[in-house]
Amino acid sequence: MRTSRRTTTVLLAIGVTALPLMVHADDHDRCSVAALQDKAPSNTTIESATIVAANGGLPEHCLVTGSVATPGNRVGFQVGWPRTWNGKFLFQGVGGFAGSFGSLREGLQRGYATATTDTGHKGTSGTDGKWALNDRAKEIDYGHRGTHVSVVATKELTRAYYGSAARFAYFNGCSNGGRQALMEAQRYPTDFNGIIAGDPSFGALGYVRRALIYQTMLASPERALPPEKLDVLSRATLAACDRTDGLADGLVGDPRLCRFDPAVLECKAGDAPDCLTKGQIETVKAIYETRTTPDGRAVHGFPVGHEAGATGWQLWISGRVPPTRRSDGKLAFNAESAAESPTGYRFADGFFRYMAFEVDDPSYDFMQFDLARDLPKIQTIAEILSPTNPDLSAFRKNGGKLILYHGWADPAISAYGTIDYYEQVVANAGGKQVADGFVRLFLAPGMHHCRGGPGPNTFDALAALEEWVERGIAPARLIASHATDGKVDRTRPLCPEPQVARYIGQGSIDDAANFRCETPARPR
């Protein structure tokens, strides 16, 4: 018997018989602070527990908040237990600098016992780094420990609430949630059976990458990139790169195949709406350019393509409003205002002022950061935040499965970093044949950060992970969709690296059925 993934009643297999696992009349007694505290781990405090009625697509569930004591800190968590449970556990990552809970909605709708964490602090926004000022305990909890202790506590509470342990445990996160996901696989390899790491942040070097971009872009007014110039750039990159994958479909299928020089857009007779100034070209090159640290590590630039759009470079890199001139002639955004600064600028500002150094300085100006001189100074926080260890042997031996994905047009975190990490994992595992047994990477053409962009950007990685973990069926492709005004107008398969989606030569190019995943004939 095969159950639908779209229903909130999921069957729990018991031998060969499938029965729904229900929580009945004693829900209110079980969902109480007193009852849960009595069964909680010794370092865990239950702060609230309430039955939430079914509403807005969410099933009735017991919603619990609590905290776990760690050395020098407390880490908050939230967990929801649906009345009809699918017998599984899902932990949801949280974006940015965290400081709030991730959404439980998707997991609860699927019947999962679903949990999340604030990673050990409260923030006023996802880019607020003030909580980290000279507080190593909070930094460690944000880096990795807070997620782990929350997982341990909420899994144990789930067992106590339902009277049996979850059959399978999954993690799902994108951006910082993707960073949390990789930290779990690397540092705590027995926490989960399956992990999804989307557009993962690789920690300290990502903030360094942002600082280097702004050191060029904000050096003078001539280098600023207004939104209308992004339209000029995006049209040019699409014209140059669209057909490199063999199909003119309005998408840059694989930026590695394209050689685009922004100098072709240089204004010939002063600034104009349809060209870029020399200063703007220098900024674009700085965004695309991959730098190398003194010890040989890559500080990845961003792939070419789909720079424009509300969720593109203007949101993350160049800003919707122009920067202002400082007294030294350089430019600056207002990092205290989301309306007046790009998201990447606020992240760089928060990182360097409040968490980068052994002794943090809230007045620090990241425009003065020198790659050779200052990189060693952020080594400690890099070790705390950066999920760069490619040795996933313990995770693999535990039977774990990892799905990585990244939007090719992500303007927040470069897809090249995820590709680099994946290739290191493959090499460490002893080659692709071994690696294919536990890790797959899917790249999404035209997708911005975690969602958005002109490419298909909605797909069900969790369903694919369930198939892999529970039935041993590795994901051969993910079907992604793009919608305009809520109506799906294109579907396309996302293929496991190094495969790409190839059009079969007939039928609509907007229908995934007319594509197959193939390994490119030539090396890239």
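Everything numeric in this text was worked out from a predicted model, so none of it was measured.

Here is what the cut-offs are and how they apply
- Residues numbered from 1 in each chain as written.
- Predicted model: local features only at pLDDT ≥ 70, side-chain atom pairs only at ≥ 80, totals over all residues.
- Heavy atoms only, no water.
- Core = buried A, V, L, I, M, F, W, Y, C linked by side-chain atoms within 4.5 Å.
- Buried < 20%, exposed > 50% of the residue type's maximum accessible area, 1.4 Å probe, protein only.
- Helix = DSSP H or I, 4+ residues; strand = E, 2+ residues; numbered from the N terminus.
- Contact = heavy atoms within 4.5 Å.
- Pairing = 2+ DSSP bridges.
- Axes fitted to C-alpha atoms, helices over the stretch in contact; angles between N-to-C directions.
- Parallel < 35°, antiparallel > 145°, perpendicular 65-115°, else oblique.
- Phe/Tyr/Trp six-rings, centres within 6.5 Å; stacked < 30°, edge-to-face > 60°.
- Left-handed = near helix turned anticlockwise from the far one by under 90°.
- Nonpolar A, V, L, I, M, F, W, Y, C, P; charged D, E, K, R; others polar.
- Expected span 1.5 Å × (residues − 1).
- Salt bridge = Lys/Arg side-chain N within 4 Å of Asp/Glu carboxyl O.

Caption draft 1: Structural detail: the nonpolar core. The biggest cluster of nonpolar side chains holds 64 residues, and the ones touching the most others in it are V208, F260, W313, F351, F352, F366 and I378. Elements with a minimum of two residues in this core: α6 (204-217), α7 (227-241), α8 (278-288), α9 (313-318), β14 (331-332), α10 (343-354) and α12 (379-385). The element best represented in this core is α6, accounting for 9 residues. Excluding residues that lie within four positions of it along the chain, F260 makes contacts with L233, A236, T237, A240, C241, L265, Y288 and V304. If you look at the next biggest cluster of nonpolar residues, it comprises 50 residues, including C62, F91, A181 and Y421.

Caption draft 2: Just the sheet that holds strand β4 (residues 61-70), in detail. In space, the 9 strands of this open sheet follow the order β3-β4-β5-β8-β7-β9-β10-β15-β16, with mixed pairing throughout. With one partner strand each, in any of the chains shown, β3 (44-52) and β16 (439-444) form the two edges of the open sheet. Neighbour to neighbour, the strand axes of the sheet diverge by 15 degrees on average, direction disregarded. Summarising the sheet, β3 and β4 pair through 8 bridges and their orientation is antiparallel.

Caption draft 3: Structural view of the packing of α6 against α8. With their axes 9 Å apart at the nearest point, α6 and α8 run at an angle of 170 degrees to one another. Considering the angle they form, α6 stands roughly antiparallel to α8. Every residue of α8 that contacts α6 at R209, I213, T216 and M217 is listed here: E282, T283, A286 and I287.

Caption draft 4: Quick look at the packing of aromatic side chains. Following the criterion strictly, the structure yields 29 aromatic pairs and no others. Ring centres of F352 and F369 lie 5.1 Å apart, and the angle between their planes is 55 degrees; this geometry places the pair in the tilted category. Here F369 lies in the loop between α10 and α11 (371-374) and F352 lies in helix α10, a separation of 17 residues in the sequence. Across this residue pair, the class does not change: F352 and F369 are buried.

Caption draft 5: Main features of the environment of F101. Mapped onto the elements, F101 comes out in the loop between β7 (88-92) and α3 (105-109). Residues F101 and T119, 18 residues apart in the sequence, show an inter-C-alpha distance of 8.6 Å. With residues near it in sequence (within four places) discarded, F101 still touches T65, G76, F77, Q78, V94, T116, T117, D118 and K122.

Caption draft 6: Structural detail: the packing of helix α4 (residues 136-162) against helix α5 (residues 176-187). Relative to each other, α4 and α5 sit at 70 degrees, their axes nearing to 9 Å. Compared by their axis directions, α4 and α5 come out roughly perpendicular. In this structure, α4 crosses over α5, and the sense of that crossing is right-handed. Residue-level contacts link Y142, G143, H144, T147 and H148 of α4 to N176, R179, Q180, M183, E184 and R187 of α5. Here the contact of α4 with α5 is built from residues that sort into 2 nonpolar, 6 polar and 3 charged.

Caption draft 7: Structural detail: α10. Here α10 is 12 residues long and its end C-alpha atoms lie 16 Å apart, about the 16 Å a rise of 1.5 Å per residue gives. Burial runs high along α10: 12 of the 12 residues are buried. Here the buried face of α10 lies against α4, α6, α9, β14 and α12.

Caption draft 8: View of the environment of P294. The residue P294 is located in the loop between β11 (291-292) and β12 (298-299) in this model. Taking the C-alpha atoms as reference points, P294 and L375, 81 residues apart in sequence, are found 8.8 Å from one another. Once you skip the residues sitting within four places of it in the chain, P294 turns out to touch L371, A372 and L375.

Caption draft 9: The pattern of salt bridges, seen in detail. One pass over the full model with this rule turns up 30 salt bridges. A salt bridge links E156 to R159, with the nearest nitrogen and oxygen atoms 2.6 Å apart. Placement of both E156 and R159 in helix α4 is noted, with a separation of 3 residues, approximately one turn of the helix. Two residues, E518 and R516, come together in a salt bridge whose shortest N-O distance is 2.5 Å. For E518, a relative accessible area of 27% corresponds to the partly exposed category. A residue is classified by how much of its surface remains accessible, and R516, at 45% relative accessible area, is partly exposed. One connected set of salt bridges, linked through shared partners, spans K88, E466, E467, E470 and R471.

Caption draft 10: Representation of the pairing of strand β17 (residues 478-484) in the model. Looking at chain direction, β17 and strand β18 (residues 487-494) are connected through 7 bridges and run antiparallel. Within the sheet, the bridge partner assigned to L478 lies in β18 and is L494. Here β17 folds back onto β18 in antiparallel fashion, the turn holding 2 residues, of which D485 has a positive phi close to 55 degrees.

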